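A closer look at the structure
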Amino acid sequence: QVQLVESGGGLVQAGDSLRLSCVASGRTFSSDAMGWFRQAPGKERELVAAITCAFSKTHYPDSEKGRFTISRDNAKNTVYLQMNSLKPEDTGVYFCAARRYRCGLSTAASEYDYWGQGTQVTVSS
C-alpha cells in the first residue's frame, strides 16, 4: 500500500519557522518528482514548492521564494519543507504529493498521483 505521511504542522506566530516532513512508503519514490501544496479554507489547493527526482532542481511561486525550501532524502524516502518568516496567509492544510515515475517539475495538482492526508499549519498574527 502506497502511503505519504506528513508531519510537523502546528500553531505558530507570524515570523516563526516550521519544518514539515513527508515520509513515503509502499514503493521507492526516488524516480518521482515531489511537491508540497497548501489548501486554505474555501480556496483551491496551490503549489508552494516542488522538487525533481534527480539533481534536486526546485520551483517556488513568487510568494514563497526566499522563505520556503524543499529538499529530499531519497535514502530515507522523505521530503522536507522548511518554512521561515511565516505569515498569517500561509495558514492552511499542507499536503505532500508525488508524480509517479515522472521526474520533472509541475505546478498542477492534477499532475500528481499520490497524496498524503495533510498537516495543519496555522500562523497567528
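Just so we're clear, the structure is a prediction, and the values are computed from it rather than from any experiment. (Residues numbered from 1 in each chain as written. Predicted model: local features only at pLDDT ≥ 70, side-chain atom pairs only at ≥ 80, totals over all residues. Heavy atoms only, no water.)

1. Here's the deal with the pattern of salt bridges
What counts here: Whenever Lys or Arg places a side-chain nitrogen within 4 Å of a carboxyl oxygen from Asp or Glu, that contact is recorded as a salt bridge. Throughout, exposure labels follow a simple rule: accessible area from a 1.4 Å probe, protein chains only, divided by the maximum for the residue type, with under 20% read as buried, over 50% as exposed, and the rest as partly exposed.
Here the structure, examined in full by the defined rule, presents nine salt bridges. Note that aspartate 32 is salt-bridged to arginine 27, the shortest N-O span being 2.5 Å. For the pair aspartate 32 and arginine 27, a shared accessibility class is recorded, and that class is buried. A salt bridge links arginine 102 to aspartate 113, with the shortest nitrogen-to-oxygen separation between them at 3.0 Å.

2. Some thoughts on the packing of aromatic side chains
Threshold: Here the aromatic set is Phe, Tyr and Trp, taking the six-membered ring for Trp, and pairing holds for ring centres within 6.5 Å; pairs whose planes are under 30 degrees apart are stacked, those over 60 apart are edge-to-face, and all others are tilted. In this text, helices come from DSSP runs of H or I with a minimum length of four residues, and strands from runs of E with a minimum of two, each type numbered from the N-terminal end. In this scheme, the term charge over a ring applies when either NZ of a lysine or CZ of an arginine sits within 6 Å of the ring centre and within 35 degrees of the ring normal.
As enumerated under the stated definition, the model contains five aromatic pairs in all. Residues phenylalanine 37 and tyrosine 112 carry aromatic rings whose centres are separated by 5.1 Å and whose planes lie at 80 degrees to one another, so their mutual orientation is edge-to-face. Taken together, the positions of phenylalanine 37 in strand β4 (residues 33–39) and tyrosine 112 in the loop between β9 (92–99) and β10 (114–115) put the pair 75 residues apart, joining distant regions of the chain. Judged on exposure class, the residue phenylalanine 37 and its partner tyrosine 112 are both buried. Aromatic ring contacts, followed pair by pair, group Phe37, Phe95, Tyr112 and Trp115 into a single cluster. The ring of phenylalanine 95 carries arginine 45 above its face, with NZ or CZ at 3.7 Å from the centroid.

3. With respect to the pairing of strand β11 (residues 119–124)
For a regular strand, the rule is simple: side chains alternate between the two faces of the sheet. Inclusion rule: Strands are labelled as partners when DSSP assigns at least two bridges between them.
Burial of β11 is one-sided: the residues Thr119, Val121 and Val123 facing one way are buried, the residues Gln120, Thr122 and Ser124 facing the other way are not. Sheet analysis places strand β2 (residues 10–13) next to β11, joined by four bridges and oriented parallel. The partner of glutamine 13 across the bridge, within β11, is serine 124. Relative to β11, β9 is paired through three bridges, and the arrangement is antiparallel. When the sheet's bridge partners are listed, tyrosine 94 is paired in β11 with threonine 119.

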